[in-house]
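Secondary and tertiary structure notes
Letter by letter, the chains look like this.
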Amino acid sequence: ITESGCTGVSAPFVVTVGSDPQAVINSDLSSPQGIGATVNFSGSASQGNGAPLSQFLWDLGTVGGTSTGTNTSFTFTTPGSFGVQLLITAADGCQDSAFYNFVILPETIIIPNVFTPNGDANNEYFVIENGQYYSNSLAVFNRWGKEVFSKKNYRNTWRAADVPDGTYYYVFKTDEDGKEYTGHVTILR
């Protein structure tokens, strides 16, 4: 109805309602896991308005890690964070995707008890082997308990340039597994 009271009718038209599927990823193991874990992923989806699902496409976040089908499995052989994605397609062409970040942690954290930041390009940094694969925190203290270095998400970059040679004490914590590593490290130049 317009302001002057007129009404009108248009020709009928067809409205097509898409199926609106909703993708879901499930796994038999929870993240994080260690190297060598074989994880079975299963995809599911609500069929929305009833169109049957016609395609599942998996991207497992690794080179060559793709698959089709409702279920897939993959053995992770390297540490890292892998974005697992599922794309579903219904028979009417409507699509949806789901994303799941799966973390594979290294087996062992190795912390040295000495390093030599003397400029010879060998053993220059306090390197916590495999620590970089974890969300972590590092605190280093002198023999009197005064903190001389701290870093959230430490990535093997401390050269101890601002402290003298000697023995220091560290606390290295990993968030994913809640472990705390303590010990001492000696700096020799």
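It should be noted that the structure appears before, not after, this text.
Procedures and definitions
- Residues numbered from 1 in each chain as written.
- Predicted model: local features only at pLDDT ≥ 70, side-chain atom pairs only at ≥ 80, totals over all residues.
- Heavy atoms only, no water.
- Pairing = 2+ DSSP bridges.
- Helix = DSSP H or I, 4+ residues; strand = E, 2+ residues; numbered from the N terminus.
- Axes fitted to C-alpha atoms, helices over the stretch in contact; angles between N-to-C directions.
- Phe/Tyr/Trp six-rings, centres within 6.5 Å; stacked < 30°, edge-to-face > 60°.
- Buried < 20%, exposed > 50% of the residue type's maximum accessible area, 1.4 Å probe, protein only.
- Lys NZ or Arg CZ within 6 Å of the ring centre and 35° of its normal.
- Polar contact = N/O pair within 3.5 Å; in protein donor to acceptor, adjacent residues only side chain to side chain.
- Contact = heavy atoms within 4.5 Å.

Moving on: the sheet that holds strand β6 (residues 71-75). What the 3 strands build is an open sheet, ordered β1-β3-β6; its pairing is antiparallel. Both outer strands of the open sheet, β1 (22-27) and β6, are each paired with one neighbouring strand and no more. Strand-to-strand twist across the sheet, computed as the mean angle between neighbouring axes with direction ignored, equals 25°. Sheet analysis places strand β3 (residues 38-46) next to β6, joined by 5 bridges and oriented antiparallel. Each bridged residue has a counterpart across the sheet, and for Thr 38 the counterpart in β6 is Thr 75.

Let us look at the packing of aromatic side chains. Taken as a whole, this structure holds 14 aromatic pairs when the rule is applied. The interplanar angle of 35° and the centroid separation of 6.2 Å between the aromatic rings of Phe 41 and Trp 58 together place this pair among those described as tilted. With a gap of 17 residues between them, Phe 41 in strand β3 and Trp 58 in strand β4 (residues 53-59) connect regions that are remote in the sequence. In this pair, the class of Phe 41 matches that of Trp 58, namely buried. Every member of this aromatic cluster is reached through a ring pair, and the members are Phe 41, Trp 58, Phe 74, Phe 76, Phe 82, Tyr 100 and Phe 102. Over the face of the ring belonging to Tyr 125 we find Arg 159, whose NZ or CZ atom lies 5.5 Å from the ring centre.

A separate point is the side chain of Glu 124. Position of Glu 124 relative to the elements: it lies in the loop between β9 (114-115) and β10 (136-141). By relative accessible area, which is 8% here, Glu 124 ends up buried. Separated by 3.2 Å, the side chain of Glu 124 and the backbone nitrogen of Ala 121 make a polar contact. Dropping the residues within four chain positions of it, Glu 124 is found in contact with Phe 115, Thr 116, Pro 117, Asn 118, Gly 119, Trp 158 and Arg 159.

Across 6 bridges, the pairing between β4 and strand β7 (residues 80-90) is antiparallel. Across the sheet, residue Leu 57 finds its bridge partner in β7, namely Leu 87. Pairing of β7 with strand β8 (residues 95-105) involves 10 bridges; the strand directions are antiparallel. Across the sheet, the residue bridging to Gln 85 is Phe 99, located in β8. Counting the residues between successive antiparallel strands, the hairpin from β7 to β8 contains 4 residues, one of them, Gly 93, with a positive phi of roughly 95°.

Let's shift gears to the environment of Thr 186. Along the polypeptide, Thr 186 turns up in strand β13 (residues 180-187). Put simply, Thr 186 and Tyr 100 are 86 residues apart on the chain and 42 Å apart in space, counted from C-alpha to C-alpha. Thr 186 has contacts with Asn 113, Val 114, Phe 115, Gly 166 and Thr 167, leaving out every residue within four places of it along the chain.

The next subject is the sheet that holds strand β5 (residues 66-68). Spatial strand order, β2-β8-β7-β4-β5: 5 strands in an open sheet with mixed pairing. The outermost strands of the open sheet, each flanked by one partner alone, are β2 (33-34) and β5. Summarising the sheet, β4 and β5 pair through 3 bridges and their orientation is antiparallel. When the bridges of β5 are listed, Trp 58 appears paired with Ser 67.

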